[in-house]
Amino acid sequence: MSEKIQIFRSHQIYTANKANELIDGYIMTSGDRILAVYPGEVSPDHWNEAHVFHDFRGKTITPGLVDSHTHLVHGGSREHELALKLAGSSYMELHLEGGIKSTVKQTRLASFDELLEKAHKTLLSMLLHGTTSLEAKSGYGLDKDTELRVLKVNKKLDRTQAISIVSTYMGAHDLPLEFSSNEEYITFMIEELMPAIKKEDLATFCDIFCEEGIFSLEETEKIAVAAKALGFKIKIHADEIAPLGGAGLAVDLGAVSAEHLMAISDADIEKMAASDTVAVLLPATTLFLRAENFAPARKMWEKGVKIAFASDYNPGSSPCENLQMAMDMACLGMGMMPLEILKGVTINAAKAICKEKEIGSLEKGKYADLTIFDAKNVDYIFYHFGVNRVSDVFKQGRHVVHDGRLNLSEIQSCIMNK
Ligand code: NIG
Ligand code: FE
């Protein structure tokens, strides 16, 4: 790793540190790490001809964006659902006619290389939109071979492209057709698949779709307890459509996060506020589902729940790899403020994937992951909506997106130093 010193000057630096502040100053990095963030003009003490100076005055710098909930790797697409959706079919009606099952079919048919190539393309688009780290769930294979294949694709992608990837096993996404009951499938997951995944160290988290007609509260608890015993950390798709109480269960289980939460109860908001469980909210999904209510983000924020916002990139309920879309919906749909949203796609998102010691804020010792918005202030990031506002991205000190374009030699150098 070259120890090249770089200086990034901007009037608007969102640090995502404890004070959740914006500073007019500069960031110094060395190689792949942040050395310090200083207020004001660059001090002559810090300047040296050999340093690289990036003048981002007129632009806004944030920590590299963290997308804490995606279903990255899957086969095919489901645009045939569009007309049905517009004709009024609900998510659950589509689910019964195809939905996740139709993606499972397409994913099982796809080879390792096909899945790799498709996801790689998605990741390049995510990078251009400012994402530097993400969480990727399995759950479109369901059988042993395909789940392992998908998680191995995640692992390979983490090493062979710029964005850092944290993996989640989400076998409990649906009941596969070859099983006749949830009970039988849960036994298979617990006894066969989860130990195999841990043996090969293919996933940090285990996630469960706790929803009416998918996995009940009791089943979710059974899967989560077994997963914890095997060393998985827990995430739960909770209270997305029906208010089952999955968020409260997530807190009881010590889950790292409860995700979706469009139908969370007031009692569970209180419970989450008194816990370390992060609420991962997915407002682009609410938009795409054409659902009536966004998750009650404002209420949760006021009560003190830790909130992250994510894309939920997946082929059915959020076929959108642009995290800025979720940020826009957090603003325009949920009424959240720019700094609250930025916190939700940086440090709180890093907490939701247990990476807050390495990424998510601009602080000494963390990775030099930076996203540069072509916006003279943070309000403008949200005011100028509907287009990509990211002009530059630095991943571990490498200038991987330069003036809106992929910088292939820097991406290569980033990969070699991972
Ligand atoms: O997070 N809610 C469950 N799973 C995905 C959607 C899956 C699909 O429809 O393919 C989600 O929205
Ligand atoms: Fe999801």
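Please read all numbers here as calculations on a predicted model, not as lab measurements.

**Some details on the pattern of salt bridges**
Side chains that carry opposite charge are capable of pairing whenever their charged atoms lie near each other.
Phase 1 of the analysis: Under the definition given, this model contains 26 salt bridges.
Phase 2 of the analysis: A salt bridge links Glu200 to Lys152; the shortest N-O distance between them is 3.5 Å. Highlighted residues: Glu200 in the loop between α6 (182–199) and β9 (205–209) and Lys152 in helix α5 (residues 144–160), separated in sequence by 48 residues.
Phase 3 of the analysis: Owing to a relative accessible area of 37%, Glu200 belongs among the partly exposed residues under this scheme.
Phase 4 of the analysis: Lys306 is the salt-bridge partner of Asp276, the closest N and O atoms lying 3.7 Å from each other. Pair noted here: Asp276 is in the loop between α9 (266–273) and β12 (278–281) and Lys306 is in the loop between α11 (297–303) and β13 (307–309), with a separation of 30 residues, a long-range link.
Phase 5 of the analysis: Residue class for Asp276 comes out exposed when judged on its relative accessible area of 65%.

**A few points about the layout of surface pockets**
Phase 1 of the analysis: By volume, the largest pocket amounts to about 490 Å³.
Phase 2 of the analysis: Every residue lining the largest pocket is counted, 25 residues in all, and those nearest its centre are Asp158, Ser164, Ile165, Val166 and Lys355.
Phase 3 of the analysis: At the level of elements, α5 and β8 (164–172) are the ones that each hand at least two residues to the lining of the largest pocket.
Phase 4 of the analysis: Residue contributions to the lining of the largest pocket peak at 5 residues, all from α5.
Phase 5 of the analysis: Among the residues forming the lining of the largest pocket, the class breakdown is 9 nonpolar, 6 polar and 10 charged.
Phase 6 of the analysis: Residues lining the lining of the largest pocket come from more than one domain, with at least three contributed by each of domain 1 (5–63 + 361–416) and domain 2 (65–352).

**Let's talk about the coordination of the iron ion (ligand 2)**
Phase 1 of the analysis: Taken together, the protein donors to the iron ion (ligand 2) comprise His69 (NE2), His71 (NE2), His237 (NE2) and Asp312 (OD), at separations of 2.0 to 2.4 Å.
Phase 2 of the analysis: All donor residues of the iron ion (ligand 2) come from one chain, and their arrangement in sequence is H-x1-H-x165-H-x74-D. Highlighted residues: His69 in strand β6 (residues 65–70) and His237 in strand β10 (residues 233–238), separated in sequence by 168 residues.
Phase 3 of the analysis: When its relative accessible area of 0% is taken as the criterion, His69 is described as buried.
Phase 4 of the analysis: A residue is classified by how much of its surface remains accessible, and His237, at 3% relative accessible area, is buried.

**Re the packing of α5 against α6**
Phase 1 of the analysis: In contact at an axis separation of 11 Å, α5 and α6 are set at 30 degrees when each is read in the N-to-C sense. Seen along the crossing, α5 lies across α6 with a hand that is right-handed. Contact with α5, carried on its side by Lys144, Glu147, Leu148 and Leu151, involves Phe188, Glu192, Leu193, Ala196 and Ile197 of α6 and no other residues of that element.
Phase 2 of the analysis: Among the residues forming the contact of α5 with α6, the class breakdown is 6 nonpolar, no polar and 3 charged.

**Points about empty space enclosed by the protein**
One simple way to see leftover space: roll a probe sized like a water molecule over the atoms.
Phase 1 of the analysis: Applying the stated criterion to the full structure yields 4 cavities of 30 Å³ or more.
Phase 2 of the analysis: What the largest cavity holds in volume is close to 100 Å³.
Phase 3 of the analysis: Looking at the largest cavity, it is lined by 15 residues, and the ones nearest its centre are His71, Tyr91, His173, Asn314 and Ser317.
Phase 4 of the analysis: Classifying every residue of the lining of the largest cavity gives 4 nonpolar, 8 polar and 3 charged.

**Some words on the site of ligand 1**
Phase 1 of the analysis: In the vicinity of ligand 1 there are 15 residues, among which Tyr91, Tyr140, His173, Glu240 and Ser317 approach most closely.
Phase 2 of the analysis: One nitrogen or oxygen atom from the side chain of His237 is found 3.1 Å from an oxygen atom belonging to ligand 1.
Phase 3 of the analysis: Measuring from an oxygen atom of ligand 1, one finds a side-chain N or O atom of His260 at 2.9 Å.
Phase 4 of the analysis: The fraction of the free accessible surface of ligand 1 (330 Å²) that becomes covered by protein chains is 100%.
Phase 5 of the analysis: Residues of the shell around ligand 1, tallied by class, amount to 4 nonpolar, 8 polar and 3 charged.

**Observations concerning the domain arrangement of the chain**
Phase 1 of the analysis: Here the domain parsing of the chain yields domain 1 (5–63 + 361–416) and domain 2 (65–352).
Phase 2 of the analysis: For domain 1 and domain 2, the distance between their C-alpha centroids amounts to 29 Å.
Phase 3 of the analysis: Contact residues are listed per partner, giving 32 residues for domain 1 and 25 residues for domain 2.
Phase 4 of the analysis: Run the count over domain 1 and domain 2 and you get 1 salt bridge.
Phase 5 of the analysis: Note that Asp328 and Arg389 form a salt bridge whose closest N and O atoms lie 2.6 Å from each other.
Phase 6 of the analysis: Summed over the shared surface of domain 1 and domain 2, the result is 10 residue pairs in polar contact (both at pLDDT 80 or more).
Phase 7 of the analysis: At the level of secondary structure, the elements contributing two or more residues to the side of domain 1 that touches domain 2 comprise β5 (60–63), β14 (370–373), α15 (378–383), β15 (390–395), β16 (398–402), β17 (405–406) and α16 (408–416).
Phase 8 of the analysis: Class assignment for the residues of the side of domain 1 that touches domain 2 results in 18 nonpolar, 8 polar and 6 charged.

**Topic: the packing of helix α4 (residues 112–128) against α5**
Phase 1 of the analysis: Contact geometry of α4 with α5 gives a least axis separation of 10 Å together with a crossing angle of 50 degrees. Taken as axis vectors, α4 and α5 run oblique relative to one another. Like other packed secondary-structure pairs, α4 and α5 cross with a definite hand, here right-handed. For the pair α4 and α5, the contacting residues are Phe112, Leu115, Leu116, Ala119, His120 and Leu123 in the first and Arg149, Val150, Lys152, Val153, Lys156, Leu157 and Thr160 in the second.

**Brief notes about the side chain of His54**
Phase 1 of the analysis: Mapped onto the elements, His54 comes out in strand β4 (residues 52–55).
Phase 2 of the analysis: Under the relative-accessibility criterion, His54 is labelled buried at 10%.
Phase 3 of the analysis: Among all residues touching His54, those that are not within four sequence positions of it are Gln6, Ile7, Phe8, Arg9, Phe394 and His399.

Scoring rules and cut-offs
- Residues numbered from 1 in each chain as written.
- Chains lettered and ligands numbered in written order.
- Predicted model: local features only at pLDDT ≥ 70, side-chain atom pairs only at ≥ 80, totals over all residues.
- Heavy atoms only, no water.
- Salt bridge = Lys/Arg side-chain N within 4 Å of Asp/Glu carboxyl O.
- Helix = DSSP H or I, 4+ residues; strand = E, 2+ residues; numbered from the N terminus.
- Buried < 20%, exposed > 50% of the residue type's maximum accessible area, 1.4 Å probe, protein only.
- 1 Å grid on protein atoms, 1.4 Å probe; cavity = no way out; pocket = protein on both sides within 12 Å on 5 of 7 lines; lining within 4 Å.
- Points joined across faces, edges and corners; volume = space filled by probe spheres on them.
- Nonpolar A, V, L, I, M, F, W, Y, C, P; charged D, E, K, R; others polar.
- Domains from an automatic or database assignment.
- Donors = N, O, S within 2.8 Å, 3.2 Å for Na, K, Ca; no water.
- Axes fitted to C-alpha atoms, helices over the stretch in contact; angles between N-to-C directions.
- Left-handed = near helix turned anticlockwise from the far one by under 90°.
- Contact = heavy atoms within 4.5 Å.
- Near = heavy atom within 4 Å.
- Polar contact = N/O pair within 3.5 Å; in protein donor to acceptor, adjacent residues only side chain to side chain.
- Areas by Shrake-Rupley, 256 points an atom, 1.4 Å probe, with all protein chains shown as cover.
- Parallel < 35°, antiparallel > 145°, perpendicular 65-115°, else oblique.

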